[in-house]
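# Close look at the chain arrangement
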Amino acid sequence: MAAAAPHTPLSIDTLRRARAGTRFGCRIEYFGSIDSTSSEARRLAAAGAGEGTVVIAEAQTSGRGRLGRSWASPPLRNLYLSIVLRPQIAVAEAAPLTLVAGLAVVEAVSDWAPQAAIKWPNDIVIDGRKVAGILTEMDADEDRVRCVILGIGVNLNAVPEDFPEELRDKATSLRAATGQPIDRTAFAERLLVCVDARYTLFLAQGFAAIRPLWEQRSCLTGRAVQIDGAGQRCTGVVSGISDDGSLLLRDAAGDETRLVAGDVTVVGGYVKREDG
Ligand code: BTN
């Protein structure tokens, strides 16, 4: 089958047919334009939408990222998708869900760009430039999770002009990285397959089963980094992640710190190493 032209609408019927009967295929809501797929998924969840409800839009007028940032969402270029999850777990067990999703997204992206990697906690990068981001938002009933909205944005056919000027040297798209137009429907299908597989593994075996797979895809392990968060800056060498998804950072004195959140900068930038 010839690849669909990059700036044509998603073939939503093809996607619905391909995923019919699966966890993330029973209800796929599709919009030409919407404020944010995550806002819509929250509205649907509040109205009782079940686990696996997927919201996809061709454009977002108020796409949002972590830390109150906005997410560039031009029409017909990329993938903007949110999923309602209703895991039967305690709030304390839900933190690694962002990393579970990160593993799934990097696996999908790697089918097109094998050099893709995860930058803790939730950026997917190609040669140091961000190609995808994940936003998890939780609603809880005391200590039990009521729902998690998993929002995923992947830059598929975006060109530099689609990004705000200050992000043009930090962001990329799969098309820019591969030199090929990306079939967005095929990518969306692959992404749902990967999220289903990794979420199923997490529910069955916990984050301990995800962690080694995640570590293999991390671009930070062994790197000297600077981490900014909550008004503090830490520096050190990344030694891995812990079983709750925290980043493990070893300082010059050899002491290890666990970090639950923060913005990571690789000291000296992403100079490619011999080992990858
Ligand atoms: C980040 O890296 O800061 C997270 C970006 C998440 C963007 C996606 S696009 C689909 C969903 N809807 C939103 O408004 N945000 C997420």
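Worth saying up front: this structure is predicted, and the values here are computed from it rather than measured.

## Side note on the overall build of the protein chain
If you tally the helices and strands in the protein chain, you get seven helices and twelve strands. For the protein chain, whose C-alpha radius of gyration is 18 Å, the value lies close to the compact-globule estimate of 19 Å for 276 residues. Overall size of the protein chain, expressed as C-alpha extent along the three principal axes, is 55 × 45 × 30 Å. The buried share among the 276 residues of the protein chain stands at 49%. Considering only intrachain contacts with a sequence separation of at least 6, the fraction spanning at least 24 residues in the protein chain is 64%. Taking the 31 positively charged and 34 negatively charged side chains of the protein chain as two groups, their mean positions are separated by 2 Å.

## Description of the sheet that holds strand E12 (residues 263-266)
Read from one edge of the open sheet, five strands run E11-E10-E9-E8-E12, paired in antiparallel fashion. Edge positions in the open sheet fall to strand E11 (256-259) and E12, since each of these has one partner strand only. Pairwise comparison of adjacent strand axes, ignoring direction, gives a mean angle of 45° for this sheet. Where strand E9 (residues 232-241) meets strand E10 (residues 247-250), four bridges bridge the pair, whose relative direction is antiparallel. Pairing of Ile241 across the sheet is with Leu247, part of E10.

## Things to note about the nonpolar core
Formed by 66 residues in total, the largest nonpolar core has its most connected members in Leu79, Val109 and Phe187. With ten residues, the single largest contributor to this core is helix H4 (residues 97-110). Residue contributions to this core reach at least three from each of two domains, namely domain 1 (12-217) and domain 2 (224-266). Contacts of Val109, omitting those with residues within four sequence positions, involve Ala116, Ile124, Ile126, Val131, Val154, Leu174 and Phe187. Judged by nonpolar contacts, the second largest core, of eight residues, contains Ala49, Val55, Val84 and Ile149.

## Quick word on the site of the ligand
Every one of the 20 residues lining the ligand counts as a neighbour, but Ser36, Gln60, Arg64, Arg66 and Lys130 are closest to it. Taking Lys130, its side chain carries an N or O atom lying 2.5 Å from an oxygen atom of the ligand. If the ligand stood free it would expose 420 Å²; the protein chains cover 98% of that surface. Elements supplying a minimum of two residues to the shell around the ligand: helix H2 (37-46), strand E3 (79-85), strand E6 (129-141) and strand E7 (144-154). Among the elements that take part in the shell around the ligand, E6 stands out by supplying four residues, more than any other. A breakdown of the residues in the shell around the ligand according to their chemical character gives six nonpolar, ten polar and four charged.

## As for the side chain of Asp162
Inspection of the secondary structure assignment puts Asp162 in the loop between E7 and helix H5 (174-178). Here the side chain of Asp162 touches Arg77 through a polar contact of 3.0 Å, side chain to side chain. If near-sequence neighbours (up to four positions away) are discounted, Asp162 is found in contact with Ala72, Pro74 and Arg77.

## Digging into the side chain of Thr185
Among the secondary structure elements, Thr185 is positioned in helix H6 (residues 184-205). Residue Thr185 is classed as buried on the basis of its relative accessible area, which comes to 11%. Of the polar contacts made by the side chain of Thr185, one reaches the backbone nitrogen of Ser11; its length is 2.9 Å. Residues within four places of Thr185 in sequence aside, it is in contact with Leu10, Ser11, Thr14 and Leu15.

## So, the pattern of salt bridges
One pass over the full model with this rule turns up 23 salt bridges. For the salt bridge of Asp243 with Arg211, the shortest nitrogen-to-oxygen distance reads 3.1 Å. Residue Asp243 is located in the loop between E9 and E10, and its partner Arg211 is located in helix H7 (residues 207-217); the two are separated by 32 residues in the primary sequence. Given a relative accessible area of 48%, Asp243 falls into the partly exposed group. Take Arg211: its relative accessible area is 24%, and that puts it in the partly exposed class. Each member of the salt-bridge network shares a partner with another, and the members are Arg19, Arg23, Glu51 and Asp196.

## What about the domain arrangement of the protein chain?
Much of the literature gives interface size as the accessible area that the parts lose upon coming together. Here the protein chain is partitioned into domain 1 (12-217) and domain 2 (224-266). Taking only C-alpha atoms into account, the centre of domain 1 sits 24 Å from that of domain 2. Listed as interface residues are 14 residues of domain 1 and, on the opposing side, 14 residues of domain 2. Across the domain 1/domain 2 interface, buried area totals approximately 1100 Å², and carbon plus sulfur atoms make up 56% of it. Looking at the side of domain 1 facing domain 2, the largest losses of area belong to Lys119, Trp120 and Arg211, adding up to 53% of the total buried there. If one sorts the elements of the side of domain 1 that touches domain 2 by residue count, H7 sits on top with five residues. A per-class count over the side of domain 1 that touches domain 2 returns nine nonpolar, no polar and five charged.

What counts as what
The residue count restarts for each chain, going from 1 along the sequence in the order it is written. pLDDT decides what is reported in this predicted model: residues at 70 or higher carry local features, side-chain atom pairs at 80 or more are listed and counted, and totals for whole chains, interfaces and linings draw on all residues regardless. The basis for every side-chain value is the complete set of non-hydrogen atoms in the structure, without hydrogens or water. Secondary structure counts use DSSP, requiring at least four H or I residues in a row for a helix and at least two E residues in a row for a strand, with both numbered from the N terminus. C-alpha atoms define the radius of gyration, and 2.2 Å times the number of residues to the power 0.38 defines the globule rule. A 1.4 Å probe rolled over the protein chains alone gives each residue an accessible area, and that area as a share of the maximum for its type sets the label: buried under 20%, exposed over 50%, partly exposed in between. The criterion used for residue contact is that any of the two residues' heavy atoms lie within 4.5 Å. We score Asp and Glu as negative and Lys and Arg as positive, and we do not count His or the chain ends. Just so you know, the charge point we use is NZ for Lys, CZ for Arg, CG for Asp and CD for Glu. Two strands make a pair as long as DSSP finds a minimum of two bridges between them. Every axis in this analysis is a line fitted to C-alpha atoms, fitted for helices over the stretch in contact. Angles between the N-to-C directions lie between 0 and 180 degrees. Only buried residues count toward a nonpolar core. Its members are Ala, Val, Leu, Ile, Met, Phe, Trp, Tyr and Cys residues joined through side-chain atoms within 4.5 Å. The split of the chain into domains comes from an automatic or database domain assignment. Whether a residue is near a molecule or strand depends on its heavy atoms: if one lies within 4 Å, it is near. A 3.5 Å cut-off defines polar contacts: any pair of N or O atoms within that distance qualifies, except that in protein one atom must be a possible hydrogen donor and the other a possible acceptor, and neighbouring residues in sequence count only when both atoms are side-chain atoms. Surface accessibility follows the Shrake-Rupley procedure with a 1.4 Å probe radius. Residue values consider only the protein chains on display as shielding. Throughout this entry, Asp, Glu, Lys and Arg are counted as charged residues, while Ala, Val, Leu, Ile, Met, Phe, Trp, Tyr, Cys and Pro are counted as nonpolar. The remaining residues, Gly among them, count as polar. We count a salt bridge whenever a side-chain nitrogen from Lys or Arg sits within 4 Å of a carboxyl oxygen from Asp or Glu. Here the quantity called buried area is the accessible surface, traced with a 1.4 Å probe, that two parts lose on coming together, added over both.

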